[in-house]
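In case you want the letters, here they are:
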Amino acid sequence: MNLKEVPLLNEQLKKCVRCGRCRTVCPVLAEIKNETVAPRGHIFMVQALRDGKVKPDAQVYDRLSNCLLCETCSGVCPSGLDIPELNEYARSYIYEKNPSMIKDALFDSIWTRPSLLRAGGFFMWAANKSGLQGFARTLGLTKLLPGGLSKAEQIMHDPVMRTARATLPVINPPRGNKKFRVGYFLGCGTDLFSPSVAIAAVEVLTSWGCEVVIPDNMKCCGLPHIANGKISTAQDLAIHNLKVFNDLELDYIITDCGSCSSAISEKRLKMLLENQGYDEQIERFCSRVHDLNTFLLDIVGIDNQGLKPLNLKVTYHDPCHLAKAQGIRQAPRDILGLIPGLELIEMQDSDRCCGASGTFSITHYDLSMKILNRKMKTIADTGADVIATCCPSCTLQLKHGSNLHYNNTPVQHPVELLALAAGQES
Ligand code: SF4
Ligand code: SF4
């Protein structure tokens, strides 16, 4: 990759007026207080990289990786810069020149093969249930794990035995007359760590007349690869998934995960596969993609008939990729609002990043925990019985925060609460 030849990047860099507004909102800068990790500092760094004024080395990569890709800065930029996008390109540019065998094995060989990912998930479950994980912690063996993994393995404190794909069939028939044939873009996070969300989503969709197809050959949305400097692998994954879903006869494609719906949005896919001849396929695919919440409300037209009361206080955390990247804030709240007896209590700064950002909480555990602590304080102030959110990465992070600071309060997707109110056994 040559940064001078990425048209989007060069157009965007020209637009920065150096005003510094992006600095005022960055959750990382709020903790580190160093201009080199500020969004404007990242812009300067990307420009210097493009112009050959700094070397594309590991040190520069580390500076740029102090970013959650949360899009908070872009939301206030008067010139409309997509600052995380520039950062992602720069990371890939540097990574190409400083490849790592471990990263290649993880992102190219394992994270592109769902069966290997599932095997890894099963290993985590077995280590946890057999006591091996606890035993290794007691002996201090987990401290031998590379990088931040020694601390970050605590986030996976409750792995699951059966993934969503191992539990749900490929074809899930509708109850009653079929209204729509819906493809389910089932992301890795939900599949491996929150299968109950997928089960609830299928339960709700089928009971409202949708036939739900979960293609067994779909792969990761590619967002973890983009965040870790592996844009070319993300391109391969996107091309694969476009073919898988476009080859199926589907009325709609839905996903429960805010990060997946952001990664498979038209804007992102067109940027990722710019000038590669996929625009028509992207438009065919994206014209049918919907976030699960908006799909249930706007297209299926669900209502509160037959829902039993849930006497719960619930607070909702806005995932960055759903709220800031796509502007979807109201629909999850409206889903919760359908449930009789449920009281929604807004936390302060509900769209402030929780510090998870996919693999960020693993690669930058200590910084991620500082950002999480702020979030958990605002959650604790609500006195909620349940924390709701629409992203498996946020869910893992908030569960970890809840485990550490908030009496293990459950974290659930709005569709799980909806399914519960509709009579699904928890
Ligand atoms: S994307 Fe988020 S973490 Fe990264 S520079 Fe912008 S505000 Fe800061
Ligand atoms: S807010 Fe936008 S224009 Fe202002 S310094 Fe940041 S990136 Fe540049």
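Thresholds applied
Residues numbered from 1 in each chain as written. Chains lettered and ligands numbered in written order. Predicted model: local features only at pLDDT ≥ 70, side-chain atom pairs only at ≥ 80, totals over all residues. Heavy atoms only, no water. Helix = DSSP H or I, 4+ residues; strand = E, 2+ residues; numbered from the N terminus. Rg over C-alpha atoms; globule rule 2.2 N^0.38 Å. Buried < 20%, exposed > 50% of the residue type's maximum accessible area, 1.4 Å probe, protein only. Contact = heavy atoms within 4.5 Å. Areas by Shrake-Rupley, 256 points an atom, 1.4 Å probe, with all protein chains shown as cover. Axes fitted to C-alpha atoms, helices over the stretch in contact; angles between N-to-C directions. Parallel < 35°, antiparallel > 145°, perpendicular 65-115°, else oblique. Left-handed = near helix turned anticlockwise from the far one by under 90°. Nonpolar A, V, L, I, M, F, W, Y, C, P; charged D, E, K, R; others polar. Phe/Tyr/Trp six-rings, centres within 6.5 Å; stacked < 30°, edge-to-face > 60°. Pairing = 2+ DSSP bridges. Near = heavy atom within 4 Å. 1 Å grid on protein atoms, 1.4 Å probe; cavity = no way out; pocket = protein on both sides within 12 Å on 5 of 7 lines; lining within 4 Å. Sits in = over half its atoms within 2 Å of the grid points. Core = buried A, V, L, I, M, F, W, Y, C linked by side-chain atoms within 4.5 Å. pLDDT = per-residue confidence, 0-100. Points joined across faces, edges and corners; volume = space filled by probe spheres on them. Salt bridge = Lys/Arg side-chain N within 4 Å of Asp/Glu carboxyl O.

**Quick notes on the overall build of the protein chain**
Alright, step 1. Looking only at helices and strands, the protein chain has 25 helices and nine strands in total.
Alright, step 2. For 426 residues, the compact-globule estimate of 2.2 N^0.38 gives 22 Å, and the C-alpha radius of gyration of the protein chain, at 21 Å, lies within 12% of that figure.
Alright, step 3. For the protein chain, the residues scored as buried account for 56% of the 426 residues in total.
Alright, step 4. Taking all contacts inside the protein chain whose residues are at least 6 apart in sequence as the whole, residues at least 24 apart take part in 78%.
Alright, step 5. Accessible area of the protein chain: about 18200 Å², with a carbon and sulfur share of 53%.

**Focus: the packing of helix 3 (residues 39–50) against helix 6 (residues 83–97)**
Alright, step 1. At a minimum axis separation of 10 Å, helix 3 and helix 6 run at an interaxial angle of 45°. One finds that helix 3 runs oblique with respect to helix 6. Crossing handedness for the pair helix 3 and helix 6: left-handed. Residues Pro39, His42, Ile43, Val46 and Leu49 of helix 3 form the contact with helix 6, whose own contacting residues are Ile83, Leu86, Asn87, Ala90, Tyr93 and Ile94.
Alright, step 2. Looking at side-chain class alone, the contact of helix 3 with helix 6 contains nine nonpolar, two polar and no charged residues.

**Some points on the packing of aromatic side chains**
Each aromatic ring pair is specified by the distance between its two centres and by the angle formed by the two planes.
Alright, step 1. This model, assessed by the stated rule, comprises six aromatic pairs.
Alright, step 2. Taking 5.5 Å as the distance between ring centres and 20° as the angle between the ring planes, the aromatic pair formed by phenylalanine 185 and phenylalanine 245 counts as stacked. Pair noted here: phenylalanine 185 is in the loop between strand 2 (180–184) and helix 12 (188–193) and phenylalanine 245 is in helix 15 (residues 231–246), with a separation of 60 residues, a long-range link. Residue phenylalanine 185 shares its accessibility class with phenylalanine 245, and that shared class is buried.
Alright, step 3. Through pairs of rings, three or more aromatic residues link up here, namely Phe180, Tyr252 and Phe295.

**Side note on the pairing of strand 2**
Alright, step 1. For strand 2, a buried count of four out of five residues is recorded, marking the element as mostly surrounded by other parts of the structure.
Alright, step 2. Bridge analysis of strand 2 against strand 3 (residues 210–213) gives four bridges, and the strand direction is parallel. For phenylalanine 180, the partnering residue across the bridge sits in strand 3 and is cysteine 210.
Alright, step 3. Two elements, strand 2 and strand 4 (residues 252–255), share three bridges in a ladder whose sense is parallel. Paired with glycine 183 across the two strands is isoleucine 253, which belongs to strand 4.

**Notes on the site of ligand 1**
Alright, step 1. Around ligand 1 sit 13 residues, and of these Cys26, Cys67, Leu68, Cys70 and Cys73 come closest.
Alright, step 2. Judged by its atoms lying within 2 Å of the grid points, ligand 1 is housed in the largest cavity.
Alright, step 3. Secondary-structure elements contributing two or more residues to the shell around ligand 1 are helix 2 (27–32), helix 3 and helix 5 (72–76).
Alright, step 4. In terms of residue class, the shell around ligand 1 is built from ten nonpolar, two polar and one charged.

**A look at the pairing of strand 4**
Alright, step 1. In strand 4, alternate side chains face the same way, and those of Tyr252 and Ile254 on one face and Ile253 and Thr255 on the other are all buried.
Alright, step 2. Pairing analysis gives three bridges linking strand 4 to strand 5 (residues 289–291), with the strands arranged parallel. Across the sheet, the residue bridging to threonine 255 is aspartate 291, located in strand 5.

**Thoughts on the nonpolar core**
Alright, step 1. Among the nonpolar cores identified, the biggest contains 94 residues, and Tyr184, Phe185, Phe285, Phe295 and Leu296 are the most heavily contacted of them.
Alright, step 2. The next biggest cluster of nonpolar side chains, apart from the first, holds 15 residues, and it includes Met347, Cys354, Ile379 and Ile387.

**As for the confidence of the model for the protein chain**
Low-pLDDT portions of the prediction should not be read for the details of their coordinates.
Alright, step 1. When pLDDT is averaged along the protein chain, the result is 90; 90% of the residues meet or exceed 70.
Alright, step 2. Below a pLDDT of 50 lies the segment residues 141–146, which in the model reaches eight contacts outside its immediate sequence neighbourhood of four places, other chains included.

**What about empty space enclosed by the protein?**
Alright, step 1. This model, assessed by the stated rule, comprises six cavities of 30 Å³ or more.
Alright, step 2. Volume-wise, the largest cavity comes out at about 110 Å³.
Alright, step 3. Together, 17 residues line the largest cavity, and Cys26, Cys67, Leu68, Cys70 and Cys73 are the ones closest to its centre.
Alright, step 4. Where the lining of the largest cavity is concerned, the elements lending two or more residues are helix 2, helix 3, helix 5 and helix 6.
Alright, step 5. Residue composition of the lining of the largest cavity, grouped by class: 13 nonpolar, three polar and one charged.
Alright, step 6. A volume near 100 Å³ is recorded for the second largest cavity.
Alright, step 7. Broken down by class, the residue content of the lining of the second largest cavity amounts to nine nonpolar, two polar and two charged.

**Some details on unusual backbone geometry**
Alright, step 1. Even without being glycine, leucine 69 reaches a positive phi, approximately 55°.
Alright, step 2. You can call leucine 69 buried: its relative accessible area is 6%.
Alright, step 3. In the Ramachandran plot, asparagine 408 falls in the positive-phi region, its phi being about 55° despite a non-glycine side chain.
Alright, step 4. Among the structural elements, asparagine 408 can be located in the loop between helix 24 (392–405) and strand 9 (411–412).

**Brief notes about the site of ligand 2**
Alright, step 1. Around ligand 2, the structure places Cys16, Val17, Arg18, Cys19, Gly20, Arg21, Cys22, Arg40, Cys77, Pro78, Ser79 and Ile83.
Alright, step 2. The site holding ligand 2 turns out to be the second largest cavity.
Alright, step 3. Of the residues in the shell around ligand 2, the class split is seven nonpolar, two polar and three charged.

**A short note on the pattern of salt bridges**
If the charged atoms of two oppositely charged side chains come close together, the side chains can form a pair.
Alright, step 1. Scanning the entire structure with this criterion turns up 18 salt bridges.
Alright, step 2. Residue lysine 230 is joined to aspartate 104 by a salt bridge in which the shortest nitrogen-to-oxygen separation is 2.6 Å. Here aspartate 104 lies in helix 7 (residues 101–110) and lysine 230 lies in the loop between helix 14 (223–227) and helix 15, a separation of 126 residues in the sequence.
Alright, step 3. Since its relative accessible area comes to 6%, lysine 230 is described here as buried.
Alright, step 4. Owing to a relative accessible area of 24%, aspartate 104 belongs among the partly exposed residues under this scheme.
Alright, step 5. Here arginine 333 ties to aspartate 318 by a salt bridge, and the two come within 2.8 Å at their closest N and O atoms. With arginine 333 in helix 21 (residues 330–337) and aspartate 318 in the loop between strand 6 (313–316) and helix 20 (320–326), this pair connects stretches of sequence that are 15 residues apart. Both residues of the pair, arginine 333 and aspartate 318, belong to the buried class.
Alright, step 6. One connected set of salt bridges, linked through shared partners, spans Arg23, Glu35 and Arg40.

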